[in-house]
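Chain residues, written in single-letter form:
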Amino acid sequence: MNSVLPVLDSSISSSLGRGNEPVSLSLQLRHEDSVISMEVDSLATELRDCLLGKCQYSEVKRILDSRADPNSRLKYKLGPKEFQGSPLTLAVKLDKPNVVRLLIASNANPESTYSMTAGRSGVRWNGPAVCGTVARGNLSMMRLLVELEANLNGRLVSFNGEPNVTLLYDASYFGHAHLVRYLLQQKGNPDIPVKFQD
């Protein structure tokens, strides 16, 4: 739901970093008795760029220790595909298990999602971080995410906002028998139908 709030009082403040320090911008809007704050944090961008580059674990830790939000929403591109997700979904897709552990230890949500436009009809695909393991058949990362409390069952993937696909279906679709076996061992239900596919 989008709504426009009448602004009674507004203030903008920024703190500019020096050298390599992050830059932060805060905007506060006052509406009746509530204050809405938005913070544009360059640490999220720095974290994304670090993950996409060749930075070391210690650099990711430094950024997180500088109070980067491990659940921030990021846009990133991997190959020709553009995604919107979180630092965790990016680390999963890039197969960085130590960074995944670090993000979870920094309170990243193991159920954080990512999305993209997919298929010939351009459906909006959305799924949790664990879905990033399926296309590549990355069983070790899937196991790690399960260890860190990720859910494997039910219609986790949605198309245009409608729950649709299970991980078991996706693993079968991509031809990863080892993932199918693992998901069945984890009580995946092979009888859940897919509502539609592209």
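Described below are features of the structure shown in this document. Computed from a prediction, not measured in an experiment: that's the story for all the values here.

**Observations regarding the overall build of the chain**
Reasoning step 1: The secondary structure content of the chain amounts to 7 helices and 9 strands.
Reasoning step 2: Within the chain, buried positions represent 37% of all 198 residues.
Reasoning step 3: The long-range fraction of contacts in the chain, counting pairs at least 24 apart against all pairs at least 6 apart in sequence, stands at 50%.
Reasoning step 4: Approximately 11,700 Å² of the chain is accessible, and the part contributed by carbon and sulfur atoms is 49%.

**What about the packing of aromatic side chains?**
Reasoning step 1: According to the stated counting rule, one finds 5 aromatic pairs in the structure shown.
Reasoning step 2: Geometrically, the ring pair formed by Tyr169 and Tyr173 is stacked, given 6.4 Å between the ring centres and 20° between the ring planes. Placement of the pair is Tyr169 and Tyr173 together in helix α6 (residues 167–173), with a separation of 4 residues, close to one helical turn.
Reasoning step 3: On the accessibility criterion, Tyr169 (25% relative accessible area) is partly exposed.
Reasoning step 4: Chaining the aromatic ring pairs together yields one cluster made of Tyr76, Phe83, Tyr114 and Trp125.

**A closer look at unusual backbone geometry**
Reasoning step 1: Phi at Arg67 takes a positive value of approximately 80°, unusual for a residue other than glycine.
Reasoning step 2: The phi torsion at Asn107 lies on the positive side, around 75°, for a residue other than glycine.
Reasoning step 3: Structurally, Asn107 can be placed in the loop between α4 (97–105) and β6 (113–118).

**Here's the deal with the pairing of strand β5 (residues 81–85)**
Reasoning step 1: In the sheet, strand β4 (residues 74–78) pairs with β5 via 5 bridges, with the strands oriented antiparallel. By the bridge assignment for β5, Leu74 is matched with Gly85.
Reasoning step 2: What sits between β4 and β5 in their antiparallel hairpin is a turn of 2 residues, with Gly79 showing a positive phi close to 65°.

**Focus: the packing of helix α5 (residues 139–147) against helix α7 (residues 177–185)**
Reasoning step 1: The contact between α5 and α7 brings their axes to 10 Å, and the two run at 20°. Between α5 and α7, the angle is such that the two are roughly parallel. Viewed along their axes, α5 and α7 form a crossing whose handedness is right-handed. Counted together, Leu139, Met142, Arg143 and Val146 of α5 and His178, Leu179, Tyr182 and Leu183 of α7 form the full contact between these two elements.
Reasoning step 2: Its residues placed into classes, the contact of α5 with α7 shows 6 nonpolar, 1 polar and 1 charged.

**Thoughts on the packing of helix α2 (residues 57–65) against α4**
Reasoning step 1: As a packed pair, α2 and α4 sit with axes 10 Å apart at the nearest point and diverge in direction by 15°. In terms of orientation, α2 lies roughly parallel with respect to α4. In this structure, the crossing between α2 and α4 has a hand that is right-handed. In contact with Tyr57, Val60, Lys61 and Leu64 of α2, α4 contributes Asn98, Val99, Leu102 and Leu103.
Reasoning step 2: Broken down by class, the residue content of the contact of α2 with α4 amounts to 6 nonpolar, 1 polar and 1 charged.

**So, the nonpolar core**
A general tendency of soluble globular proteins is for nonpolar side chains to be buried together.
Reasoning step 1: Ranked by size, the top nonpolar core spans 49 residues in total, and within it Val60, Leu88, Val100, Trp125, Val130, Met142 and Leu167 carry the most contacts.
Reasoning step 2: Beyond its immediate sequence surroundings of up to four residues, Leu167 is in contact with Val130, Cys131, Val134, Asn151, Leu152, Leu156 and Leu183.

**Re the pattern of salt bridges**
Reasoning step 1: Enumeration according to the criterion identifies 4 salt bridges in this entry.
Reasoning step 2: Between Arg48 and Asp49 there is a salt bridge; the shortest N-O distance is 3.0 Å.
Reasoning step 3: Asp49 gets classed as partly exposed once you look at its relative accessible area, which sits at 41%.
Reasoning step 4: Between Arg62 and Glu59 there is a salt bridge whose closest N-O contact spans 2.8 Å. Placement of the pair is Arg62 and Glu59 together in helix α2, with a separation of 3 residues, close to one helical turn.
Reasoning step 5: A residue is classified by how much of its surface remains accessible, and Arg62, at 33% relative accessible area, is partly exposed.
Reasoning step 6: Classification of Glu59 by relative accessible area gives partly exposed; the value is 30%.
Reasoning step 7: Three or more residues joined by partner-sharing salt bridges are found here, namely Glu46, Glu59 and Arg62.

Parameters at a glance
Residues numbered from 1 in each chain as written. Predicted model: local features only at pLDDT ≥ 70, side-chain atom pairs only at ≥ 80, totals over all residues. Heavy atoms only, no water. Helix = DSSP H or I, 4+ residues; strand = E, 2+ residues; numbered from the N terminus. Buried < 20%, exposed > 50% of the residue type's maximum accessible area, 1.4 Å probe, protein only. Contact = heavy atoms within 4.5 Å. Areas by Shrake-Rupley, 256 points an atom, 1.4 Å probe, with all protein chains shown as cover. Phe/Tyr/Trp six-rings, centres within 6.5 Å; stacked < 30°, edge-to-face > 60°. Pairing = 2+ DSSP bridges. Axes fitted to C-alpha atoms, helices over the stretch in contact; angles between N-to-C directions. Parallel < 35°, antiparallel > 145°, perpendicular 65-115°, else oblique. Left-handed = near helix turned anticlockwise from the far one by under 90°. Nonpolar A, V, L, I, M, F, W, Y, C, P; charged D, E, K, R; others polar. Core = buried A, V, L, I, M, F, W, Y, C linked by side-chain atoms within 4.5 Å. Salt bridge = Lys/Arg side-chain N within 4 Å of Asp/Glu carboxyl O.

The values reported here are purely geometric and, on their own, carry no functional implication.
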